[in-house]
Amino acid sequence: MDLLRHLRFAITIAEERHFGRAAARLDMSQPPLSQGLQRLERRLGVRLFERDARAVRPTPAGDALLPRMRDVLEAAEGFLEEATEWSSEPDLRVGIAADVEDRACRAVEALGGLGVAVSPLIAGSVRLVDAVRDGGLDLAVVRHPGIVDGTDARGVLTIPRTICSAGGRVAPPGTDLPVVVPPRRWQPAAHDQLVDALRRHRHSGEVIEEADLMARRALVAAGRALGLGGAPDATGANFPLRLRVILPVASDRRRDLPHLRAAELLETALT
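This structure is a prediction, so every number in the text was calculated from the model and none was measured.

(A) Fine view of the pattern of salt bridges. The full count for this structure, using the stated rule, is 18 salt bridges. Notably, a salt bridge pairs Arg 154 with Glu 267, separated by 2.8 Å at the nearest N-O pair. On the criterion of sequence distance, the pair formed by Arg 154 in strand β6 (residues 151-159) and Glu 267 in helix α9 (residues 259-270) is long-range, its members being 113 residues apart. Put simply, Glu 264 and Arg 261 hold a salt bridge, and the shortest N to O gap is 3.5 Å. Of this pair, Glu 264 and Arg 261 both sit in helix α9, three residues apart, which is roughly one turn of the helix. Shared partners join several salt bridges into a network, and the residues in it are Glu 15, Glu 16, Arg 21, Arg 25 and Arg 70.

Set out below in structure tokens:
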């Protein structure tokens, strides 16, 4: 559990006395805010707020603990600011969705001209969104669609893809082999959208979930599965990979890094 983030949730709810207004102020939707508060209450073992149809009010325990929550949050923010001052050459921490595959190296190489060291993280999109939101990454490339509340999400990038068999050949319509794809947990909404698209284009929708890129390629090479790649030809259906670059909200960005320029370079490299 991200204690500092959930303390910020509780403080904002206490100040706004309304979940909708608190969510808007935090630049996120209401369900993740409510879920975060519930996790905090479970962690502390106390109920912090009374809720009814009209308002949200702190419980006696909530009233007693809110000043301590503010102290903890202010101390943590002060610590992070002081630690940042000791870093004379900060790294640009960049997340790349593992689904990007071969374009990941191209994207990281594109940041070489920024004049700062780059620390890449290749991971599933859900993890990357959490890391950007919580301050662990300075920007990331994630799959779309997916939940990106609490971040500054840029426009959607589209990379055409079709179903391919061994050797990168476009698979004919109606091929029965399953399609090997990254795990659903990496970005559930995008995964489900892909399965629906497969079914609409005369495929069973059967997939094999495999996290390792080389294992996915080996399954295709062995004729055990189909892959996604290349560009559709005149007969090939399009199953595009949709991506977005996300950044922390402006108030949470590190002032000594070129976030927006880095985002532009990533978008150019990916498309």
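We are not done yet, so read on.
(B) Up close: the sheet that holds strand β4 (residues 118-123). If you walk across this open sheet you meet the five strands as β4-β3-β5-β11-β6, and the pairing is mixed. What marks the edges here is a single partner per strand, and that holds for β4 and β6. Direction aside, the axes of adjacent strands within the sheet are offset by 20 degrees on average. Where α9 meets the sheet, its contacts fall on β3 (92-97), β5 (139-143), β6 and β11 (241-248), and the angle it forms with β11 comes to roughly 170 degrees.

(C) Spatial organisation of the packing of helix α1 (residues 3-16) against helix α3 (residues 30-44). Where α1 contacts α3, the axes come no closer than 9 Å and their chain directions differ by 110 degrees. Between α1 and α3, the interaxial angle falls into the category roughly perpendicular. For α1 against α3, the interelement crossing comes out left-handed. Judged by residue contacts, Leu 3, His 6, Leu 7, Phe 9, Ala 10 and Ile 13 of α1 engage Pro 32, Leu 33, Gly 36, Leu 37, Arg 39 and Leu 40 from α3. A class-by-class count of the residues in the contact of α1 with α3 yields nine nonpolar, two polar and one charged.

What counts and how
Sequence order as written defines the numbering, with residues in each chain counted from 1. Given that this is a predicted model, residues contribute local features only at a pLDDT of at least 70 and side-chain atom pairs are listed and counted only at 80 or more, while totals for whole chains, interfaces and linings are drawn from all residues. In computing side-chain properties, one takes all heavy atoms of the structure into account and sets aside hydrogens as well as water. In the sections that follow, a salt bridge refers to a side-chain nitrogen of Lys or Arg positioned within 4 Å of a carboxyl oxygen of Asp or Glu. The secondary structure listing takes helices from DSSP runs of H or I that are at least 4 residues long and strands from runs of E that are at least 2 residues long, numbered from the N terminus. In short, DSSP must find at least two bridges between two strands for them to pair. Only the stretch in contact is used when a helix axis is fitted, and all axes are lines through C-alpha atoms; the angle between N-to-C directions ranges over 0 to 180 degrees. Only heavy atoms matter for contacts: two residues are in contact if any of them lie within 4.5 Å across the pair. Throughout this description, any angle smaller than 35 degrees is read as roughly parallel, any larger than 145 degrees as roughly antiparallel, any in the 65 to 115 degree range as roughly perpendicular, and the remainder as oblique. Each crossing is labelled by how the near helix is turned from the far one, with a counterclockwise turn of less than a right angle marking it left-handed and a clockwise turn marking it right-handed. We call Asp, Glu, Lys and Arg charged. Ala, Val, Leu, Ile, Met, Phe, Trp, Tyr, Cys and Pro are nonpolar, and the rest, Gly among them, are polar.

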